4 protein chains.
Amino acid sequence: MRFFSDNAAPVHPKVMEAIAAANRLDTAYDGDEWSQRLDGAFSDLFGTEVRGFWATTGTAANCLALAALCPPYRSILCHKDAHIEVDEAGAPGFFTGGAKLVLLGGEGAKVTVEAAATACDLIRKDVHQVQPAALSVTNATESGLVYRAAEMAALGQFARERRLDFHLDGARIANAVASTGDSLADLTWRAGVDAMSFGFVKNGGMNAEALIIFRPELADEIAVRRKRAGHLLSKGRFLAAQILALLEDGLWLDNARAANAAAQTLATAAPQRLVHPVEANEVFVRVSAAEADSLRDQGFDFYEWGPGEIRFVTSWDSQGEGVELLAAALARL
Amino acid sequence: MRFFSDNAAPVHPKVMEAIAAANRLDTAYDGDEWSQRLDGAFSDLFGTEVRGFWATTGTAANCLALAALCPPYRSILCHKDAHIEVDEAGAPGFFTGGAKLVLLGGEGAKVTVEAAATACDLIRKDVHQVQPAALSVTNATESGLVYRAAEMAALGQFARERRLDFHLDGARIANAVASTGDSLADLTWRAGVDAMSFGFVKNGGMNAEALIIFRPELADEIAVRRKRAGHLLSKGRFLAAQILALLEDGLWLDNARAANAAAQTLATAAPQRLVHPVEANEVFVRVSAAEADSLRDQGFDFYEWGPGEIRFVTSWDSQGEGVELLAAALARL
Amino acid sequence: MRFFSDNAAPVHPKVMEAIAAANRLDTAYDGDEWSQRLDGAFSDLFGTEVRGFWATTGTAANCLALAALCPPYRSILCHKDAHIEVDEAGAPGFFTGGAKLVLLGGEGAKVTVEAAATACDLIRKDVHQVQPAALSVTNATESGLVYRAAEMAALGQFARERRLDFHLDGARIANAVASTGDSLADLTWRAGVDAMSFGFVKNGGMNAEALIIFRPELADEIAVRRKRAGHLLSKGRFLAAQILALLEDGLWLDNARAANAAAQTLATAAPQRLVHPVEANEVFVRVSAAEADSLRDQGFDFYEWGPGEIRFVTSWDSQGEGVELLAAALARL
Amino acid sequence: MRFFSDNAAPVHPKVMEAIAAANRLDTAYDGDEWSQRLDGAFSDLFGTEVRGFWATTGTAANCLALAALCPPYRSILCHKDAHIEVDEAGAPGFFTGGAKLVLLGGEGAKVTVEAAATACDLIRKDVHQVQPAALSVTNATESGLVYRAAEMAALGQFARERRLDFHLDGARIANAVASTGDSLADLTWRAGVDAMSFGFVKNGGMNAEALIIFRPELADEIAVRRKRAGHLLSKGRFLAAQILALLEDGLWLDNARAANAAAQTLATAAPQRLVHPVEANEVFVRVSAAEADSLRDQGFDFYEWGPGEIRFVTSWDSQGEGVELLAAALARL
């Protein structure tokens, strides 16, 4: 029973159906009828006019946005555990042409206004030091915590005051919405977010993520950058169809709720062992090496996440027996 | 009836089946069982040990290879009509970090040893001028011509003599194999090709192309570059499965033969109007503006390809009525 | 007697004096009193408010400007013989982060509105093709011709119509002013030039060139890019002092007039052998191999500039005996 | 009396003489007789065959070296206070094409084997995390401490074991040699250093630094990168002549000794206030705001270096009255 990551889960049946239904000849690239519906579908979802691009990875979606927000000679503030820093092979440096990431501390991979302000204050305002251009946060975070609307609003206000653009890595934004009960709008553009990735692959999709732009004037540049980075697929309809299927009838939110619920089942089983509060679909547990081995012997797969710490990730299909068995095993530890 | 491009054609049913069959949880990225079979499958196909990576676009496959073959401060020789020059939004400059393309002339978008040699000879061997590092050709070419094995061998020998690496844009390599009857090996590594893209999307796939490396020592670097460029999808099994389906029982070659045959049907209908000999699946036809309009009025879609010139591209499913109708319409002109 | 290039000539005595006079402790980088006077001195010279930066090479001055004018995903139109294309080791690609140069033909390395317009018209307005962002010309050109004010104005108008920024490589702008009698203002900002390099090293300086910005809003970015490229010298006063010395009492123009006059002496000696009209300080002469050898045997140094063509460059100190001897030798051919 | 930085000090008279003596026409770029003597002069100095390039800034010298040692997709380990991280406007990211700096802690801006090893051990060996390619240290450090030969050897051994290249920022290597009494060879190539900058501008030069390559096979690439970055000056003889003058009769070492001695005079005056041991030519002193104001009122210029901390830098000409006056003022605090 695999709890490595939600990024390896199966594709939701409705997404598979949508892909099959898109299998007829149409205009190439993003000229097809499905791709042409994305702007509208996302504008409806967010309750404001946005531009929505498909992309095949969160790395691409995040870094195309960052390249539009940060010139090569400036920097992006982010948490030291942020995916763009830790797990994207230096992609921000590649896409931006050499911009720096300025790393912030903070519990649970959460950026605070205080940490960001301190980092900015340490930067001399001269040509010798790299000046910040953007702030990037991840919701839910890499530690499975969420930012609530008020926290996002405070970060957005800070960004505005410092003249920083505001980027959101939304690989698990669905889980954050499901967890907080806050609206997508309040968690994003109303808080001042300029651009974000919107994760679908971890949430029932096959290979379609989205890049959402809240400042339409950036869209043309991003379209060119997407092509230039080799991310303009010729049969884009198969990506757009996945996204539309997940947006329909709130499937994206149902899937996230299911994943979060499974995580809560695990959290409830071993509350005293949790490294972080479980607010989304990731569960970090303190175990001894022997306990980890025992769990593996019982057939559970998971990642070591540092000394004495393991990580379980639940996904849209983590329901029923597997989760119950793992919860029981955790309770027995 | 659309003859815009093979890159918009439907996905072959066997590929759709393979995608559906891959829809179970497996290891993320390229750790799944399908992706793990690619090296072996391609090594069997080419008759030598190769490394095969999936990628979602030909631009990515080509430019990841070029970045490994050409440092930022050198150049790549290619035809002035090459896709990497004309239609990839400057992607080679992005992936290589600023390398130049040195543009060669030549009939039918074909590079000749003479043109390449002349271009090299004009470059002074000093630090002021950009020194060439690689030669890139496309087979079949952007004008629908093919290089035969002997031509590739001559280009490869030239590259070796000039200490240039040799890259092949194989977006339509299947059509070239089908057309020439030469073996994949003779058209690639036996001729000295170091790395190539192998097109599947235009040939029945959905969104899986391949990058083939004939020098295994480059594979680790390319794996990192692929991740860094946002091209390491988390559910890679859905790409690998497409490729494996197309390789099985020679489906890739059957599809290319079907596309080529359809092109021949068109070519035969209007032999005196052909801009280039039809050797693969592209047909360039001389027409007046009135004739082009007339064809459109009859329901045929195609691109203008310069003054008085239009292009039809056939694909694996261009069979039966549509092609016959177009052939008849061309004959009537 | 060396006629290789004006870039190897001695430094003018007044420049040497100015350097010596600057040898006292002052603020580092460009905070010193000499550097602080550059904006004012250049604004006076051009008759409008400009920002003037020192740089140590024309390559740096040109490419810092181009990086500010052209994003990585767009292109710069220039002549195929332009120094930025031919003799800067791909520096524009490095500084811009991968922008392309689109190469234009034209007699005497001169860009015409027609050639530039044709090149633009060939570029499809879509994401697949690289869209132009800037036009770059060199005055005097690499063939020793000059653009007059009216020509610059026409090019500037074209640039404006096409929404292109306008860059001037002014490595020999002094020679162009001396030759045309047109004002610096008419040859630059009144014609719509946005940024330019202003050559001093070829004109009596030691290692100080200037980068002139006619759009002050670009100055901050360029200051950062200069530092980031390693071009912010810590004792900048020694560069600024050179420039101020050359600007004082019009020494820059006197030097250029001297160089141009020497070139005219040579041109007059062999009018029927000239490859190009001699309008500045470069003289291209048709000779046989035997004639070239004979000139070398007489002690004249020069570059071969293609088959049957040699180049002489005169400089501010090319006066008196050397030039007369060469003129006599050319007349004797 | 200015103690801001040694980078603003006057030029040594012998350097001025050498510049004046170089003022005759010679071959351009680095083809002149002075530049041609650099490899030999540095090889003699280091006691091994090296390649020596002039450059106009330490940023350029460091970053050209780093670009040759670290591909765009890997990282460089350095101290978090390193000049390449803190004060070069992100130049390493620009020159390498996006490589990362991995920041290490450590007293007095010194890198320890332990800190470097810990940082390496935290990096997973997969494509998701950026793998280190090089280690960079600064000697003397940004806090005015020095690495002795044994420390350099230990760092070099660590680098070798981890297959890292070893870069030395030698902006003040002269001060380190003067301070430690260790040989240049022991502090560099015998310890495994692959490439280094050698500072001259802070040590009596005008605008010539050197880049020393201990692996000759890298020299051609670096020569091209230097040109491409706009750092190949056309009258390079004026840079080479400065370096040769400073190497002659050990002037570089005499100058460093004078600067170090002046620093010792200051250190001795206020030993209990020193933030770091004074081992080179930088003196960091703890003062209250009122004390800092008092020093300024007495005519001393210096930088604030954090709360309650000020920095004095001495240089080759910091002798006599100024230093004595400052020492007395410090003693009086």
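Notes on the structure in this doc start here. Nothing here was measured: the structure is a model prediction, and the numbers come from that model.

Secondary structure assignment for chain A yields 15 helices and 10 strands. Considering only C-alpha atoms, chain A reaches an extent of 55 × 55 × 30 Å along its principal axes. Within chain A, the fraction of its 333 residues that count as buried is 65%. Taking all contacts inside chain A whose residues are at least 6 apart in sequence as the whole, residues at least 24 apart take part in 74%. Summing over all exposed atoms, chain A offers an accessible surface of approximately 11,100 Å²; the carbon and sulfur share of this is 50%. When the 31 positive and 43 negative side-chain charges of chain A are each reduced to one mean point, those points stand 4 Å apart.

Turning to the interface of chain B and chain A, a few remarks are in order. Taken together, the contact between chain B and chain A spans 46 residues of the former and 46 residues of the latter. For the pair chain B and chain A, the summed buried area comes to about 3,900 Å², and 57% of that belongs to carbon and sulfur atoms. Per-residue buried area on chain B facing chain A is highest for F94(B), R228(B) and K235(B); these three make up 19% of the total on that side. At the boundary of chain B with chain A, the tally comes to 0 salt bridges. At the level of elements, α1 (13–21), α4 (58–69), α6 (91–96), α11 (219–228) and α12 (237–247) of chain B are the ones that each hand at least two residues to the side of chain B that touches chain A. With 4 residues, α6(B) is the single largest residue contributor to the side of chain B that touches chain A. When the residues that make up the side of chain B that touches chain A are grouped by side-chain class, the tally is 23 nonpolar, 13 polar and 10 charged.

Okay, the interface of chain A and chain D next. Contact with chain A, which involves 14 residues of that partner, is made by 14 residues of chain D. Of the roughly 1,100 Å² buried between chain A and chain D on both sides combined, carbon and sulfur atoms contribute 38%. Remark: the boundary between chain A and chain D carries 4 salt bridges. Salt-bridge contacts for D87(D) lead to R124(A); the nearest nitrogen and oxygen are separated by 2.7 Å. Counting the contacts that link chain A with chain D gives 10 residue pairs in polar contact (both at pLDDT 80 or more). Residue composition of the side of chain A that touches chain D, by class: 4 nonpolar, 5 polar and 5 charged.

Residue and element names in this part refer to chain A. Applying the stated criterion across every chain yields a total of 54 aromatic pairs over all chains. Measuring from ring centre to ring centre gives 4.8 Å for F4 and Y303, while their planes differ by 45°; the resulting arrangement is tilted. Taken together, the residues F4 in the segment before α1 (13–21) and Y303 in strand β9 (residues 303–304) connect sequence positions 299 residues apart. The partly exposed category is assigned to F4, whose relative accessible area is 22%.

Bringing the relation of the copies chain A and chain D into the picture now. After a rotation of 180° and a shift along the axis of 0.0 Å, chain A superposes on chain D with an RMSD of 0.0 Å. The transformation just described matches what one would write down for a two-fold rotation axis. Closest approach to the rotation axis within chain A is made by the C-alpha atom of G98(A), at a distance of 2.0 Å. Most of the interface of chain A is mirrored in chain D, where 100% of its interface residues again form contacts.

Residue and element names in this part refer to chain C. Tracing the backbone through its elements, the reader meets Q131 in strand β4 (residues 131–138). Linking Q131 and A261, residues 130 residues apart in sequence, is a C-alpha distance of 42 Å. Among residues more than four places away in sequence, those in contact with Q131 are R74, S75, I123, R124, K125 and D126. Reaching out from Q131, the side chain makes a polar contact with the backbone oxygen of D126 at a distance of 3.2 Å.

In this section: the pairing of strand β7 (residues 209–213) of chain D. All names here are of chain D. Across the 5 residues of β7, 5 count as buried, placing the element largely inside the fold. Residues E209, L211 and I213 line one face of β7 and the alternating positions A210 and I212 line the opposite face, and both faces are buried. Inspection of the sheet shows strand β1 (residues 51–55) paired to β7 by 5 bridges, in the antiparallel sense. Within β7, the residue paired with W54 across the bridge is A210. Where strand β6 (residues 195–198) and β7 come together, 4 bridges link them in antiparallel fashion. Within β7, the residue paired with F198 across the bridge is A210.

Residue and element names in this part refer to chain D. Axis separation between helix α4 (residues 58–69) and helix α11 (residues 219–228) bottoms out at 10 Å; the angle between their running directions is 130°. Taken together, the axes of α4 and α11 are oblique relative to one another. The crossing of α4 and α11 is right-handed. Counting all contacts with α4, which are made through L64, A65, A67 and A68, the residues of α11 involved are E221, I222, R225 and R226.

Let us look at the side chain of S197(D). All names here are of chain D. By the secondary structure assignment, S197 is in strand β6. By relative accessible area, S197 is classed as buried at 3%. Only 2.7 Å separates the side chain of S197 from the side chain of N62, close enough to count as a polar contact. Excluding anything up to four places from it in sequence, S197 contacts A61, N62, L168, D169, G170, A171 and A210.

Next up on the list: the relation of the copies chain B and chain A. After a rotation of 180° and a shift along the axis of 0.0 Å, chain B superposes on chain A with an RMSD of 0.0 Å. Taken together, the interface assignments show that 100% of the residues at the interface of chain B recur at the interface of chain A, consistent with an identical surface on both copies.

A few words on the pattern of salt bridges. Throughout the structure, instances matching the rule amount to 92 salt bridges over all chains. Two residues, D293(C) and R296(C), come together in a salt bridge whose shortest N-O distance is 3.7 Å. Placement of both D293(C) and R296(C) in helix α14 (residues 289–297) is noted, with a separation of 3 residues, approximately one turn of the helix. One network of salt bridges, in which partners are shared, links D6(A), R172(A), E282(A) and R311(A).

Residue pairs three or four apart in sequence face the same way in an α-helix, which turns once every 3.6 residues. Compared with the 27 Å implied by 1.5 Å per residue over 19 residues, the 28 Å span of helix α13 (residues 251–269) of chain A between its first and last C-alpha is a close match. When we look at burial in α13(A), the residues that qualify are L251(A), W252(A), L253(A), N255(A), A256(A), A259(A), N260(A), A262(A), A263(A), L266(A) and A267(A).

Residues and elements named next belong to chain A. In spatial order, the strands read β1-β7-β6-β5-β4-β2-β3; together these 7 strands make up an open sheet with mixed pairing. Since the sheet does not close on itself, it has two edges, and those belong to β1 (51–55) and β3 (100–104), each with one partner. Each neighbouring strand pair of the sheet contributes to a mean axis angle of 25°, computed without reference to strand direction. Where strand β2 (residues 74–79) meets strand β4 (residues 131–138), 4 bridges bridge the pair, whose relative direction is parallel. Directly across from R74, in β4, lies its bridge partner Q131. Packed on one face of the sheet, helix α11 (residues 219–228) meets β1 and β7 (209–213) and runs near 10° to β1.

Attention now moves to unusual backbone geometry. A140(B) follows N139(B) through a cis peptide bond whose omega is -10°. Within the element layout of this structure, A140(B) appears in the loop between β4 (131–138) and α8 (149–161). Even without a glycine there, the phi angle at R163(A) is positive, about 55°. With respect to the helices and strands, R163(A) occurs in the loop between α8 (149–161) and β5 (165–170). A positive phi angle, close to 55°, is found at D249(B), a residue other than glycine. Looking at the element boundaries, D249(B) is found in the loop between α12 and α13 (251–269).

All names here are of chain B. At a closest axis distance of 8 Å, the pairing of α1 and α12 adopts a crossing angle of 140°. The angle between α1 and α12 falls in the class oblique. Considering how the two elements wind past one another, α1 and α12 form a crossing that is right-handed. For the pair α1 and α12, contact is made by K14, V15, A18 and I19 and by F238, A241, Q242, A245 and L246, respectively.

Turning our attention to the sheet that holds strand β9 (residues 303–304) of chain C. Residues and elements named next belong to chain C. Reading across the sheet, the 3 strands line up as β8-β10-β9 and stay open at both edges, with antiparallel pairing between neighbours. Both outer strands of the open sheet, β8 (282–286) and β9, are each paired with one neighbouring strand and no more. Each of β8, β9 and β10 (309–313) is contacted by α14, which is oriented at about 30° to β10, the strand it contacts most.

Residues and elements named next belong to chain A. In terms of burial, β2 is largely enclosed, as 5 of its 6 residues are buried. Note that β2 and β3 share 5 bridges and pair parallel. Bridge pairing links L77 to V102 in β3.

Criteria and cut-off values
Residues numbered from 1 in each chain as written. Chains lettered and ligands numbered in written order. Predicted model: local features only at pLDDT ≥ 70, side-chain atom pairs only at ≥ 80, totals over all residues. Heavy atoms only, no water. Helix = DSSP H or I, 4+ residues; strand = E, 2+ residues; numbered from the N terminus. Buried < 20%, exposed > 50% of the residue type's maximum accessible area, 1.4 Å probe, protein only. Contact = heavy atoms within 4.5 Å. Areas by Shrake-Rupley, 256 points an atom, 1.4 Å probe, with all protein chains shown as cover. Lys, Arg positive; Asp, Glu negative; His and termini not counted. Charge placed at Lys NZ, Arg CZ, Asp CG, Glu CD. Buried area = accessible area lost by both parts, 1.4 Å probe. Salt bridge = Lys/Arg side-chain N within 4 Å of Asp/Glu carboxyl O. Nonpolar A, V, L, I, M, F, W, Y, C, P; charged D, E, K, R; others polar. Polar contact = N/O pair within 3.5 Å; in protein donor to acceptor, adjacent residues only side chain to side chain. Phe/Tyr/Trp six-rings, centres within 6.5 Å; stacked < 30°, edge-to-face > 60°. Least-squares fit on C-alpha atoms with pLDDT ≥ 70 in both. Pairing = 2+ DSSP bridges. Axes fitted to C-alpha atoms, helices over the stretch in contact; angles between N-to-C directions. Parallel < 35°, antiparallel > 145°, perpendicular 65-115°, else oblique. Left-handed = near helix turned anticlockwise from the far one by under 90°. Expected span 1.5 Å × (residues − 1).

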